[in-house]
Amino acid sequence: MISQVFILSSKGDHLIYKDFRGEAGCDAVNKFYEMVTTLTGDQPPVVMKHKELHYVHIRQGGLYWVATTKADSSPFTIIEFLNRLTALIKDYCGCLSEKSVRMNFALIYEVLDEVVDFGYIQTTSTDILKNFIQTEAVSAKPLSLFDLSNVGLFGADTQQNKVAPSVAATRPIMSSRGEQGGKNEIFVDVIERISVVIGANGVLMKADIEGEIRVKCYMPSCSEMRIGLNEEFSIGKSQLRGYGAAVRVDECSFHQAVRLDEFDTYRILKLCPSQGEQTVMQYQLCDDLPTAPPFRLFSSIERDTGGRLLIYLKLRCDLPPKRSVLHLNNNPALPLFSYSLFSSLSQELSSPDQSAELQPQNKAVHWEIPRFPGGAQLSALFKLEVPGLSSASLQEVGSISLSFELPKYTCTGLQIRFLRLSPIQPGASQRWVRYVTHSDSYTIRI
Amino acid sequence: MPYLGGEETVRELRRALSNPHIQTDHLRYRNTIHRVIRLMSQGVDVSGLFSEMVKACATGDIVQKKLVYVFLCSYASVNPELSLLVINTLRKDCSDPNPMVRSLALRNMCNLRLPGLCEYVEQPLTAGLKDKAACVRRVAVLGWAKIHALLPNTEIDAAVVNELYGLLRDPDPVVMVNCLRALEEILEEEGGVAINKPIAHHLLNRLKECDVWGQSEVLSVLQRYRPRSEDELFDILSLLDPALLSHHVPIMAATLRLFLSLCSMLPAVCVSALERARGPLLAAAGSSSRELRYAALCHIQLLLRSEPGLMGEHYKRFYCGYAEPPYIKQSKIQVLVELVNDDNVAVVLDELKGYCTDVNTETSQAAINAIGSIGRSYDDRCLGILTGLLELKQEHITSAVLQTLRDLVWVSPQYGDAVCSALEKWEDQLQDTQGRGALLWLLGVYGDRLSGAPYILEDFIDGVRSEVSAEVKTELLTATLRVFLSRPAETQDMMGRLLQHCIEEELDMCVRDQALLYYRLLHCGIEDVRRVLQCGRRSDLSLGPLIGRPPEPISQWASIFNTLEPLMLGASSAGNSDPSTLTPYTLTSHSEPMTSDPHLMTPKLKDPDLTAPACSGQCLSLSSTLSPEEFERLWLQTEKGEFLEAYVMCPVPRCSPESLQVALQLVNIQTLAFTAPNKLPWKMYLYTHSSHTLTPHSSTTPPNTLILAEVLQAGGDGVKKVKEELIEDQENEREESVKEGEGGEERRGEMSGGVGGEDGGKGELLVRMRQYTGEKTTLTEFLSVLTTVLNAQHTA
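The structure displayed is predicted, hence computed values, not measured ones. (Residues numbered from 1 in each chain as written. Chains lettered and ligands numbered in written order. Predicted model: local features only at pLDDT ≥ 70, side-chain atom pairs only at ≥ 80, totals over all residues. Heavy atoms only, no water.)

## Section: the overall build of chain A
Then, in step 1: Summing up its helical and strand segments, chain A has eight helices and 25 strands in all.
Then, in step 2: Across the 446 residues that make up chain A, the buried fraction comes to 57%.
Then, in step 3: Within chain A, counting contacts between residues at least 6 apart in sequence, those at least 24 apart form 68% of the total.
Then, in step 4: In the structure as shown, chain A presents an accessible area of about 18100 Å², 51% of it carried by carbon and sulfur atoms. (Helix = DSSP H or I, 4+ residues; strand = E, 2+ residues; numbered from the N terminus. Buried < 20%, exposed > 50% of the residue type's maximum accessible area, 1.4 Å probe, protein only. Contact = heavy atoms within 4.5 Å. Areas by Shrake-Rupley, 256 points an atom, 1.4 Å probe, with all protein chains shown as cover.)

Written as structure tokens, this is what we have:
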């Protein structure tokens, strides 16, 4: 049972406020902002309570999405609902940002009105909602930076007509009446998040992959879609299929709309996608990567004669040479030295397009590599002036963490063999399959 | 900028809305209304436009209608008269051929929230229940719940309730779930919708048709159903079993909760249900939504309370990611500590060691604490890590390490030597109060082995004038006195200075009192000092159960599973793991118990139950004293606050009243007055302050709440008499009632003879508690503390 739903910008501006049950006054909004901004470090912010009113909030797109409730409801339901609401609004508005929420407030009120009645969630399925939602989205212009960074993402310079720009999937699903109308597109994304811990001696201490297949459908009507996965795809440790290298996951779960009658024999998922984005399949793989982790790092830390700290890092990318990595951020955390101690950082990087800076608030050095081809090796030497450096503190330079994005690559090796729509759509329908691996947490201890 | 426009903008909008040119132009009209709503959601008061908006409501354009309704529902309560004008349009819309228009009108009619309009709404609602379109029925069903909420005192027509029960069989699943929700609210006083066998089975069979939200709602309603036979129970369980593996977390959680409540008598089934749900829970704990991750982690902590081995082999899933927010890291650290076993202890310690140098201070402190608590049960590798951290000379790390070391040696005295060698080369300055307190405690306890101890103390004593924290000062007093016992020659002079300062110049009463106490104690002779100060300085081995918690039964937490509470507990568990609830500090440097024979304390220290309740979310304290007059005045304010009356199965304590008083003071309960032990009816007046740690961020409620209590010997008329007297007032009457009570003693004797059977020593105590602010839970927690003390006194 939800009393109110409201959306606040990160600065506390009211963007959307809807009261479903009239139980709590609208001063709850200000109260919430006051509470959330005065939280101390060890207080978890997700659920807060003030005078019998529970505030549950999530942060997405730089906004606070808050639901309040008086009854003791299920936290999973409320959090999932808020997540679903953000996804719905993303579907309808194209992207999630303060601007798009401001521009589409009428649409959001309409969605909220249909989704929740008297605090009870009615439906969040786009199939049903599309009959009720009448307002058209005003699409906020995507940031130009976004465009730039995506040129490389799909190698658009070489295969311009075969790939869609990644903004293609960030348009509202309802804009069929607009100028982009009639574009029957369907996107199938395989997204994996990898989290790795590599010990100081180079031993892989933990490796997890969480993956999902997401379908984003712009077709107003689509009767059936068949997604074929690798034939070698196997679930669990015992099962082995096919003759090629097995693609193995530990656990696997499917959206309830997916029919699995051909899954066991042919690894085919059948579903009727509804408009908008949905997660069709989720899978996990623990501790047993089929390939070596994508990066290796060799480091040495010394103190030179002038009392400076020398950090020498050599990073190697173990991917096949064709692949390349984007937006690699490298954060050797140096948590031991407080900000005031740093006086300067000098750096020697192996190529000019990289950059490195000292981030005092995180006590870290931030090394950014825009593009990193597979098989290559990069190195950097950081010199830090730290007054009062002792040999003990030298030992305790924190771990290095990498964040990156690997386009067109899945660590498990999961591939989509084919994507068929039946019956064949009249007119030009476009099907896109995209793969990406993100780093959830990639830590290398020194 | 919401406020810039203000008056002027509203006036301009009014002009635009009443402009006939705009009214005829479809798009311009809609755009103007758009602007109104935009202002509204930015927080500008646009209620002045109400009458213009009412006019705008009569339109064929659905988008415009929806916008106007948003406006009307927000401001209807401000303009109840004008809202009457809308009703006509709404009622007309209710018979529109378009079902969307019908449902829209019906929904907003109820959303106006005007009790005066209910009479106009009932007829369309009744019609709506029979509508052809499911979307109208959905709205109509919930409409009745809205009417009930608006007019809580008027009964909803029984015919309507029957119809709602009938609609449980509606072909549309959302209508069915809405019926459940509406009936739950309408019949709240009767305990919600009646779940009998046909309804339960009907709901179970249709579960598959509902969406995620409907399913979790139905599952939570089904908790009230009790299957008639074991066969039926197992049929239901096997029907629900696949849902335990659902990748929709809300469904999985609701199913698990239903399992736990259905099988509360079958612990083995519960455990296997937990095992089934492990996969989805772990997946949720690694979900891409942080908030979901956190919720799952909090629930995993709950499960681990009864099934510590449940996640054992999956400990790597709880490694912290670099970019995770501190609150997730901290709860992951808490989980990791629980998962440590012989096989993985080395790996986990390695991982935790990495977190100790986290940029976030709270996270690094949590990690250090975690290493300390692993050290209680595992080897001294932990100690190596901790002492290694001291070398980093980082203020917050050092402070956390010292506190952890103090807690560690208190429970495991065998680490004393290692701690001493780490402290041997101590030369740092600490700013943090808690850290300094811990350092002083360690110096006091190991003063005989640390060669530098007196010199560090001397630095502290030299700076005592600029010391602000009373806590550090009392700790300093105790430590100095202890070091004096082992090394009198080096310490005597500075101890004199310290005592002199504290007695003559100190403003804080606690510090001064303690200094005075030590001063007088020293007069009694060195042997007495030794006896008082070294008692309880080492831990008792019987404290083991306090540290290694035994697994709780599942029923302990099953009722809060899948509620918001575990997430709030997560907030307070940071405070719970705070060493101050467990540390020797609270026991040794207590200002009160020193006044009495220290032997009285020892039996209680051995009793682990005594301190355990104090850890469970509330802390009692004696922060301010209360005069008897004040007590009486507060006690007699019958109309305010929480009142709780409970019978406690416990005989009148046979020990001397003084020892009872001391025992209660140990748990921070102050005794105000009591009757002599063999007088009847025996009674006792108590008070204490509770500071509830569960709601740390509610700034408006006072941090301390006063709890008053009266303990009476139950049975016979005595109790009733005393109660009357309490309402009536005054001393002389009280005496009278005591006499009457004595008269009633024989009757009481008869009764206890009749009811209590052969065991004449057993009896009941009636405890009455009163509290002016705060929640009832504090009272129950207070009661549990009190009961433990009383029982302990009886057995002692």
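Okay, back to it.
## Some words on the overall build of chain B
Then, in step 1: From N to C terminus, chain B includes 40 helices and six strands.
Then, in step 2: Intrachain contacts of chain B at a sequence separation of at least 6 include 70% that bridge at least 24 residues.
Then, in step 3: Summing over all exposed atoms, chain B offers an accessible surface of approximately 33800 Å²; the carbon and sulfur share of this is 53%.

## Description of the packing of helix H26 (residues 470-486) of chain B against helix H28 (residues 509-523) of chain B
Helices that pack against each other are described as a pair by the angle of their axes relative to one another and the distance between those axes.
All names here are of chain B.
Then, in step 1: Remark: H26 packs on H28, axes separated minimally by 9 Å, with the N-to-C direction vectors making an angle of 15°. As summarised for this structure, H26 and H28 are arranged roughly parallel, according to the angle between their axes. Taken as a pair, H26 and H28 cross one another with a handedness that is right-handed. Contacts between H26 and H28 involve Ala-470, Lys-473, Thr-474, Leu-477, Thr-478, Leu-481 and Phe-484 from the former and Val-511, Gln-514, Ala-515, Tyr-518 and Leu-522 from the latter.
Then, in step 2: Of the residues belonging to the contact of H26 with H28, the class tally is eight nonpolar, three polar and one charged. (Axes fitted to C-alpha atoms, helices over the stretch in contact; angles between N-to-C directions. Parallel < 35°, antiparallel > 145°, perpendicular 65-115°, else oblique. Left-handed = near helix turned anticlockwise from the far one by under 90°. Nonpolar A, V, L, I, M, F, W, Y, C, P; charged D, E, K, R; others polar.)

## Side note on the environment of Leu315(A)
Residues and elements named next belong to chain A.
Then, in step 1: Along the polypeptide, Leu-315 turns up in strand E17 (residues 308-317).
Then, in step 2: Judged by relative accessible area, which is 0%, Leu-315 ranks as buried.
Then, in step 3: In sequence terms Leu-315 and Gln-377 are 62 residues apart; their C-alpha atoms lie 5.6 Å from each other.

## As for helix H20 (residues 361-377) of chain B
Residues and elements named next belong to chain B.
Then, in step 1: Between its terminal C-alpha atoms H20 stretches 25 Å, which fits the 24 Å expected from 17 residues at 1.5 Å a residue.
Then, in step 2: If you check which residues of H20 are buried, you get Thr-363, Ser-364, Ala-366, Ala-367, Ile-368, Ala-370, Ile-371, Gly-372, Ile-374 and Gly-375.
Then, in step 3: Of the surrounding secondary structure, the elements contacted by the buried residues of H20 are helix H18 (326-339), helix H19 (345-356), helix H21 (381-390) and helix H22 (395-411).
Then, in step 4: With a side-chain oxygen positioned 2.9 Å from the backbone nitrogen of Glu-362, the residue opening H20 is Asn-360. (Expected span 1.5 Å × (residues − 1). Polar contact = N/O pair within 3.5 Å; in protein donor to acceptor, adjacent residues only side chain to side chain.)

## Thoughts on the pairing of strand E9 (residues 204-217) of chain A
All names here are of chain A.
Then, in step 1: Most of E9 is tucked away, with 12 of its 14 residues classed as buried.
Then, in step 2: With 13 bridges joining them, strand E8 (residues 184-198) and E9 adopt antiparallel strand pairing. Looking at E9, one finds that Val-196 is bridged to Ala-207.
Then, in step 3: One ladder, built from 10 bridges, connects E9 with strand E15 (residues 276-286); its direction is antiparallel. (Pairing = 2+ DSSP bridges.)

## A word on the nonpolar core
Then, in step 1: Trp65(A), Val46(B), Phe71(B) and Leu72(B) are the most contacted members of the largest nonpolar core, which totals 260 residues.
Then, in step 2: Those residues in contact with Val46(B) that lie beyond four places of it in its chain are Val10(B), Val36(B), Leu39(B), Met40(B), Phe71(B) and Tyr75(B).
Then, in step 3: Ranked by size, the runner-up nonpolar core spans 33 residues in total, among them Leu285(A), Leu297(A), Ile369(A) and Leu402(A). (Core = buried A, V, L, I, M, F, W, Y, C linked by side-chain atoms within 4.5 Å.)

## What to know about the side chain of Asp208(A)
Then, in step 1: On the secondary structure map, Asp208(A) appears in strand E9.
Then, in step 2: By relative accessible area, Asp208(A) is classed as buried at 6%.
Then, in step 3: Excluding anything up to four places from it in sequence, Asp208(A) contacts Arg193(A), Ile194(A), Ser195(A), Leu285(A), Cys286(A), Asp287(A) and Arg317(B).

## Things to note about helix H25 (residues 453-462) of chain B
Residues and elements named next belong to chain B.
Then, in step 1: Inspection of H25 places Ala-453, Pro-454, Ile-456, Leu-457, Phe-460 and Ile-461 among the buried residues, and these make up the whole buried set. One side of H25 carries all its buried residues, which in axial view fall inside an arc of 160°.
Then, in step 2: As for H25, its buried residues are in contact with helix H24 (433-445), H26 and helix H27 (488-504). (Arc of directions from axis to C-beta.)

## Thoughts on the sheet that holds strand E10 (residues 224-229) of chain A
Residue and element names in this part refer to chain A.
Then, in step 1: Strands sit in the order E14-E10-E24 across an open sheet of three strands; the sheet is antiparallel. The two strands at the open ends of the sheet, each matched to only one other strand, are strand E14 (268-271) and strand E24 (416-422). Geometrically, the sheet is characterised by an average inter-axis angle of 15° between neighbouring strands, direction not taken into account.
Then, in step 2: The pairing of E10 with E24 spans six bridges and is antiparallel. Within E24, the residue paired with Arg-226 across the bridge is Arg-420.

## Structural notes on the packing of H26(B) against H27(B)
All names here are of chain B.
Then, in step 1: Running from N to C, H26 and H27 point in directions that differ by 150°, and their axes come no closer than 8 Å. Here H27 runs roughly antiparallel to H26, going by the angle between their axes. H26 and H27 meet at a crossing whose hand is left-handed. Taking contact as the criterion, the partners of Leu-476, Leu-477, Thr-480, Leu-481, Val-483, Phe-484, Leu-485 and Ser-486 in H26 are, on H27, Pro-488, Thr-491, Gln-492, Met-495, Leu-498, Leu-499 and Cys-502.
Then, in step 2: Its residues placed into classes, the contact of H26 with H27 shows 11 nonpolar, four polar and no charged.

## Here we look at the sheet that holds strand E5 (residues 63-69) of chain A
All names here are of chain A.
Then, in step 1: Strands sit in the order E2-E1-E5-E4-E3 across an open sheet of five strands; the sheet is antiparallel. A strand with exactly one partner marks an edge of an open sheet, and here the two such strands are strand E2 (14-19) and strand E3 (47-50). Each strand axis lies, on average, 20° off the axis of its neighbour in the sheet, ignoring direction.
Then, in step 2: Sheet topology note: the strand E4 (residues 53-60)/E5 ladder contains seven bridges and is antiparallel. Within E5, the residue paired with His-57 across the bridge is Val-66.
Then, in step 3: Contacts between helix H1 (residues 27-37) and the sheet are confined to strand E1 (4-9), E2, E3, E4 and E5, with E1 contributing the most and set at about 55° to the helix.

## Side note on the confidence of the model for chain A
Residue and element names in this part refer to chain A.
Then, in step 1: With 75% of its residues at a pLDDT of at least 70, chain A reaches an overall mean of 77.
Then, in step 2: At the level of individual helices and strands, chain A shows its lowest average pLDDT in helix H6 (residues 144-153), which scores 43, and its highest in E5, which scores 93.
Then, in step 3: Predicted confidence is poor over residues 333-343, with pLDDT under 50, and the contacts of this stretch with residues over four places away or in other chains come to 42 contacts. (pLDDT = per-residue confidence, 0-100.)

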